[in-house]
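Each chain, written out:
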Amino acid sequence: MRMLTAGVVTGMRTRPYIVFFTVACGCAHPVRAPQGQSGAAGSQESELGLRTLPPQPGEERWHFIEELKAPMWTRHPWGTTRPGPQQADLSGGVRVKAGFPDPKGRLQTAYDDLQRFFAAGGVPSDKGAYTIETIAVSDLAGEAFRLEIGPKASRLMAGDVEGIRRGIFHLEDEMLRARGAFLSSGKIEKTPIVTRRISRCFFGPIKRPPRMRDELMDDVDYYPDQYLNRLAHEGVNGLWLTIEFRDLVATKFTPQAGKQAEKRLAKLRRTVASALRHGIRTYIFAIEPGAWAADDTVLNDFPELGGALAGRKRYFCPSSETAAQYLYESVNTIFKAVPDLGGMINISHGERPTTCLSALRSTGGGAVLCPRCSKKAPWEILHGSLSAMERGMHAAAPDAEMISWLYMPQVGPLGKDALADWVYEIPAHTPKGVILQFNFESGVERTMFGRTIAGGDYWISSPGPSSRFERISTIARKNQTHISAKIQTSSSHESATVPYVPVPSLLYQKFAAMRRLGVSHTMLSWYFGSYPGVMNKAAGELSAEPFPASEDVFLRRLAALYWRDRDIPSVVQAWKHFSEGYQNYPLTIRFQYFGPMHSGPVWPLFLKPKDAPLSPTWQLGSGAGKPWPPSGDRVGESLGDVFTLEEAVELTRRMSVEWDRGVAILSALETPYGSEPDRISDIGVARALGIQFRSGYNILRFYFLREKMLRMEGIGRLALLKQLSDIVREELSMDERLLALCEKDSRLGFHSEAEGYLYFPEKIRWRMDQLRKVLANDVPELEQVIRQEKPLFPEYTGKQPAGPVAESVPSDDSWWANSGSDLPPNLRWQALLHGPDRAHLRWATSHDAEALYVVVADAASANLFSSASISSVIVKVEPRRLWPAKHFAFTAGINPPGLGIRVMKDSGAWVLRIPHERTGISPKDLHPIRVDVRVQKKKGGVSAWRPDNPIPIRANLGTDNPADNPADLGWMVFGQPPKSLSIRSRE
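**Q** Explain the overall build of the protein to me, using residue names and the numbers behind them.
**A** Each helix and strand counted, the protein has 23 helices and 38 strands in total. A compact globule built from 987 residues would reach a C-alpha radius of gyration of about 30 Å, and the protein, at 31 Å, matches this within 12%. Each principal axis of the C-alpha atoms in the protein carries an extent, and together these give about 105 × 75 × 50 Å. Long-range contacts, defined as pairs at least 24 residues apart, comprise 75% of the intrachain contacts of the protein with a sequence gap of at least 6. Just so you have it, the protein exposes about 36500 Å², and 51% of that area is on carbon and sulfur atoms.

Structure follows, in structure tokens:
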């Protein structure tokens, strides 16, 4: 036999360890599905209720924008408190003596804010016996300040206007903690350790499909004055917005670019100026230099700018003087036009192809085929592009910051670092003047159910740092490279439909580690996770020295900003319950991307199997411009191979139980805060999250119990049916509560990256109607079937497979192990009925205790089969219902461990070996599964057993459509071995 090699097709481009898996839509009916109906589009729309799905609310419903614009200080709930023996009393009036030089007038917003602060407490600020004086000193820099508080006066000293701003906000915070115009006497000095804390507009455009809005091309003010004021108070001193070189600048190499550059630059200048009034610098975010279109006319004149081909793109080659000039000119022109920009954040490797370095996968593999860059070390390629951009920026704006972000969230085999060695050479060779940014938690590990689980990006529930970030930051420190941590602050992909997830204990752990590792900068959010609130404030508090002596000290001081003294212990206890519960969030990116913790309260519950896919949590519509439907019942798409459904049920149960304990504590505090709407909103956010988490648990438990019931027999199924009915009723009750919360708080359900609502009142009512129909129609129907002792959905479970059925013949592995030329006897051949070679190709399958074997051969009796004519074979295996189908691709040149491919010398048949441990099939439970076999010819199209009816692509999940009709997958049943055949036990 001639040995070839095999590979596993991977999923999302940034996560090559994931076996490519896809999803189904369509339906299955009880007992037997009427032929020709279950997969029809009209039928599915009717059954899923999509025709009555309410439309997305318009932006006029984004009432939170008006709330962000509203004055920050209106009335302090200070009551009749009196100063303590060591406190200065400012309640009689103050006089601010602004002695700090401020030629650009940037402190005016801080002085004005202090005046409004005192006015909200009924304290005169234009006269009074108490003096607050601001003074310039030479021994402090940046945001560092020194505060001396005496009984009659306070002296605020700094070396920079931003130090004075921080000191003014600190004075306000101390009075908030005292719940009165009182200040404790003494001295304090604070110095930032995380000097730059960069966030983003909560409701700003993301310049991506499906809406493709560009915030520099409209007249909307995304940075209202009081919104910026709130962010500044919480420690945010940087904001980022998205740009592309081709929009902002024309160069001598790209004269056709920048058609509307001046309009964009004009608005960018206005944005920069507005933010600087509040001490906030503006950073442009880009993924540059972007790879060229393969046919870009620029490459006709300057071919040296193009590297190797990458599909329909050509990498940008930085290894020429032309490239250096282009990059220098692009960045220099932007920063000359907007000299007060804070800097640039650039994804240098990761999200999209950029330089020739993109040819190398961060997890290893790939090859730099560019004739120039192939002669360089990987770090040299990146150094070439970064150094040119850095020089261009600093020539125009010496104080601006260039931040190079290596976006490398991939995780490898559980518990192992996935990144290639070349990645760890970059921190030692980052150009001077460039700050290296890396994901803080990507690759973070936790022990769950006795095994090590590793997570991708981004995590609040698992605070990090990952071992790879520790390694990167250690190398950076040794080489005097500044390091920035990419984190999430207010919320993350775990649950981004609330303004913030109140788990400050986990943020404390994160910042304590950042301090230990010498992190100087942090990017606080992606498109979501930036809303003002307790988590933003916590990040600001944790970014300075002196660092809180303990977690409890930090939590008490944080709670004192918002809650009364007597309630602080209870609030701290509630936060700890929240953090304890949140740490049980299933540590897999798939659960973030497709799980129910964002919008479970608007997921329909299907008592009858639909095989309907899950929709992305971060998008409202597909790239095709169509809205994503509500998520269906294929819950395995959110778990993959990382967790079983039973494990996910247990983890979410723990989340829900602990969270509800915290909610109960906060709810008991509600009545005295009736006149403090911000505290009532805080309690409302916690309640909404409690409902979301309980709903997520209920959804997983519902389908766990449903699948168990469908495979049982007898009257005992009624007990499970009752449990399922109880879950539906509980969901109805929780939807009622969430509906009331949503109608009061427009932030709930809003997802910044989706640019809209994942849940909203009309959609909650829609879901409630669906649940009522389940109780009124489906429950009685299934009860009747059970009482009649009939099977439930036997076509769905495989007990009575409908449609194409293939039989796998049992064998031992001697024919494979001995490298013989004989195929297993009695193969049950199936024709590849779809495609150009349907008359010439056939397939069959066999199995033993270790593996599944798929044979592809000539359909004719004569030997007309030529293995050399085949380019590849893909075998799809859906190991269990509701789970993604895995794709196993067999081709020459790739040989991952455990897979095998051989060509039989006599027949020319391909024999493909897939170990059971790869498919997820248990040799002890060889239940019917669904499969497909697809053969790609070197010349010609694809021939397949089943047709291909793809659905819109979803990240990580591809386009598979395992609908029942038309059936994109067929059934495979496992034949029983004859008594004369002994199959070895795996033990």
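**Q** Got a sec to walk through the state of the cysteines? Specific residues and values, please.
**A** Going through the model one piece at a time under the given rule, you end up with 0 disulfides. This cysteine, Cys356, is not joined by any disulfide, and Cys373 carries the nearest cysteine sulfur, 3.7 Å off. Here Cys356 falls in the buried class, since its relative accessible area comes to 1%.

**Q** Got a sec to walk through empty space enclosed by the protein? Specific residues and values, please.
**A** For the structure on display, the rule yields 5 cavities of 30 Å³ or more. Its volume calculated, the largest cavity comes out at about 250 Å³. Within the residue set of the lining of the largest cavity, elements represented by two or more residues are α4 (161–178), β11 (186–192) and α13 (534–541). Sorting elements by how many residues they give to the lining of the largest cavity places α4 first, with 4 residues. Classifying every residue of the lining of the largest cavity gives 4 nonpolar, 6 polar and 8 charged. Lining the second largest cavity are Tyr500, Pro502, Val534, Tyr562, Trp563, Val571, Trp575, Phe578, Leu666 and Asp682. Looking at the lining of the second largest cavity, the element that brings in the most residues is helix α15 (residues 568–582), giving 3 residues. Taken together, the residues that form the lining of the second largest cavity break down as 9 nonpolar, no polar and 1 charged.

**Q** Quick one: what's the story with unusual backbone geometry, residue by residue and with numbers?
**A** Of note, the amide linkage connecting Gly464 to Pro465 takes the cis form, showing an omega dihedral of 10 degrees. In this structure, Pro465 sits in the loop between β22 (451–454) and α11 (467–478). Each neighbour pair has its own omega, and for Glu545 with Pro546 the value is 5 degrees, a cis peptide bond. Assignment of secondary structure puts Pro546 in the loop between β25 (544–545) and α14 (551–560). Phi at Gln480 takes a positive value of approximately 55 degrees, unusual for a residue other than glycine. With respect to the element layout, Gln480 can be found in the loop between α11 and β23 (483–486). Within the chain, Asp611 stands out as a residue other than glycine whose phi angle is a positive 55 degrees. Judged by its relative accessible area of 1%, Asp611 falls in the buried class.

**Q** Outline the pattern of salt bridges, supporting the account with residue identities and numerical values.
**A** Going through the model one piece at a time under the given rule, you end up with 63 salt bridges. For Arg881, the salt bridge identified is with Asp611, shortest N-O distance 2.4 Å. Remark: Asp611 occurs in the loop between α16 (589–594) and α17 (645–667) and Arg881 occurs in the loop between β32 (870–878) and β33 (885–890); sequence separation between them is 270 residues. Comparing Arg881 with Asp611, the two get one shared label, buried. Linking Glu878 and Arg930 is a salt bridge whose minimum nitrogen-to-oxygen distance equals 2.9 Å. Here the residue Glu878 occupies a position in strand β32, and Arg930 occupies one in strand β36 (residues 929–937), the gap between them amounting to 52 residues. Taken individually, Glu878 and Arg930 each receive the classification buried, so the pair is uniform in this respect. Connected via shared salt-bridge partners are Asp611, Arg634, Glu637, Glu878, Arg881, Arg930 and Arg954.

**Q** An account of the environment of Gly364 is requested, with residue identities and associated values reported.
**A** Residue position: Gly364 is located in the loop between β18 (343–349) and α10 (378–396). Measuring from C-alpha to C-alpha, the distance between Gly364 and Ala266 comes to 43 Å, with 98 residues separating the pair along the chain.

**Q** I'd like a description of the side chain of His577, backed by residues and values.
**A** Inspection of the secondary structure puts His577 in helix α15. Here Glu658 takes part through its side chain, which lies 2.8 Å from a polar atom of the side chain of His577. Those residues in contact with His577 that lie beyond four places of it in its chain are Glu658, Trp659, Arg661, Gly662 and Ile665.

**Q** Talk me through the sheet that holds strand β16 (residues 306–310); I want residue IDs and the actual numbers.
**A** Pairing in this open sheet of 3 strands is antiparallel, and the strands run β15-β17-β16 from one edge to the other. Here the strands that pair on one side only, and so sit at the sheet edges, are β15 (292–293) and β16. Here β15 pairs with strand β17 (residues 313–316) via 2 bridges, running antiparallel. Within β17, the position partnered with Trp292 by the bridge is Arg314.

**Q** Which residues make up the packing of aromatic side chains, and what are the values?
**A** A full pass over the atoms with the stated rule returns 41 aromatic pairs. Measuring from ring centre to ring centre gives 5.1 Å for Phe702 and Tyr703, while their planes differ by 90 degrees; the resulting arrangement is edge-to-face. Residue classification places Phe702 among the buried residues on the basis of a relative accessible area of 0%. When its relative accessible area of 0% is taken as the criterion, Tyr703 is described as buried. Taking 5.1 Å as the distance between ring centres and 70 degrees as the angle between the ring planes, the aromatic pair formed by Trp843 and Trp945 counts as edge-to-face. Here Trp945 lies in the loop between β37 (942–944) and β38 (970–974) and Trp843 lies in strand β30 (residues 841–847), a separation of 102 residues in the sequence. The lysine or arginine in question, Arg200, covers the ring of Trp240, its NZ or CZ lying 4.9 Å from the ring centre. Its guanidinium or amino end placed over the ring of Trp563, Arg679 lies 5.9 Å from that ring's centre, counting from NZ or CZ.

**Q** Report on helix α9 (residues 321–337), specifying residues and quantitative values.
**A** The terminal C-alpha atoms of α9, which comprises 17 residues, lie 24 Å apart, in line with the 24 Å expected from a rise of 1.5 Å per residue. Taken residue by residue, α9 has Thr322, Ala323, Ala324, Tyr326, Leu327, Ser330, Val331, Asn332, Ile334 and Phe335 as its buried positions.

**Q** Run through the sheet that holds strand β6 (residues 126–127), naming residues and quoting values.
**A** If you trace the 7 strands from one edge of the open sheet to the other, you get β6-β5-β7-β9-β8-β11-β25, paired in mixed fashion. Strand pairing shows two members of the sheet lacking a second neighbour, β6 and β25, which therefore form its edges.

**Q** Please give an account of the packing of α9 against α10 that cites residues and values.
**A** As a packed pair, α9 and α10 sit with axes 7 Å apart at the nearest point and diverge in direction by 30 degrees. Taken together, the axes of α9 and α10 lie roughly parallel to each other. The hand of the α9/α10 crossing is right-handed. Contact with α9, carried on its side by Ala324, Leu327, Tyr328, Val331, Asn332, Phe335 and Lys336, involves Ser385, Ala388, Met389, Arg391, Gly392, Met393, Ala395 and Ala396 of α10 and no other residues of that element. A class-by-class count of the residues in the contact of α9 with α10 yields 10 nonpolar, 3 polar and 2 charged.

**Q** For the packing of α4 against helix α5 (residues 225–233), give the residues involved together with the corresponding values.
**A** Viewed as axis vectors pointing N to C, α4 and α5 meet at an angle of 85 degrees, and their least axial separation amounts to 10 Å. Overall, the two elements α4 and α5 adopt an arrangement that is roughly perpendicular. Where α4 abuts α5, its residues Arg166, Phe169 and Glu172 lie against Asn229, Ala232 and His233. Taken together, the residues of the contact of α4 with α5 break down into 2 nonpolar, 2 polar and 2 charged.

How each quantity is defined
Counting restarts for each chain: residues are numbered from 1 in the order of the written sequence. With pLDDT at 70 or above as the cut-off, local features in this predicted model cover only qualifying residues; side-chain atom pairs require 80 or more to be listed or tallied, and sums for whole chains, interfaces and linings still use all residues. As a rule here, side-chain values cover all heavy atoms of the structure and leave hydrogens and water aside. Runs of E in the DSSP output that reach at least two residues are strands. Runs of H or I that reach at least four are helices, and both are numbered from the N terminus. Just to be clear, the radius of gyration here is over C-alpha atoms, and the globule rule we use is 2.2 Å times residues to the power 0.38. Any two residues whose heavy atoms approach within 4.5 Å are treated as being in contact. Accessibility throughout is a Shrake-Rupley quantity obtained with a 1.4 Å probe, and a residue counts as covered only by protein chains that appear here. Note on terminology: pairs of cysteine sulfur atoms within 2.5 Å are recorded as disulfides. When accessible area is computed with a 1.4 Å probe and restricted to protein chains, residues below 20% of their type maximum are described as buried, those above 50% as exposed, and intermediate ones as partly exposed. Using only the protein atoms, space was sampled on a 1 Å grid; points where a 1.4 Å probe fits but cannot get out form cavities, open sets with protein on both sides within 12 Å along at least five of seven lines form pockets, and lining residues are those with an atom within 4 Å of a point. Grid points are joined across faces, edges and corners, and a volume is the space filled by probe spheres set on the points. Ten residues, namely Ala, Val, Leu, Ile, Met, Phe, Trp, Tyr, Cys and Pro, are considered nonpolar, four, namely Asp, Glu, Lys and Arg, are considered charged, and the remaining ones, Gly among them, are considered polar. One speaks of a salt bridge when a side-chain nitrogen belonging to Lys or Arg is within 4 Å of a carboxyl oxygen belonging to Asp or Glu. Polar contact is the term for a pair of N or O atoms within 3.5 Å; when the atoms are in protein, one must be able to donate a hydrogen and the other to accept it, and sequence-neighboring residues count only if both atoms are side-chain atoms. When DSSP finds two or more bridges between two strands, those strands count as paired. Whether two aromatic rings pair depends on their centres lying within 6.5 Å, for rings of Phe, Tyr and Trp, where Trp uses its six-membered ring; planes under 30 degrees apart make the pair stacked, over 60 edge-to-face, and the rest tilted. Each ring is checked for a lysine NZ or an arginine CZ that lies within 6 Å of its centre and within 35 degrees of its normal; such an atom marks a charge sitting over the ring. Any helix carries an expected span of 1.5 Å times its number of residues minus one. Inter-axis angles, ranging from 0 to 180 degrees, are taken between N-to-C directions of lines fitted to C-alpha atoms, where helices are fitted over the stretch in contact. Note on terminology: angles under 35 degrees are roughly parallel, angles over 145 are roughly antiparallel, angles of 65 to 115 are roughly perpendicular, and the others are oblique. Working rule for handedness: look at the near helix, and if it is turned counterclockwise from the far one by less than a right angle, call the crossing left-handed; if clockwise, right-handed.

Fair warning: the whole summary comes from geometry, so function is off the table for now.
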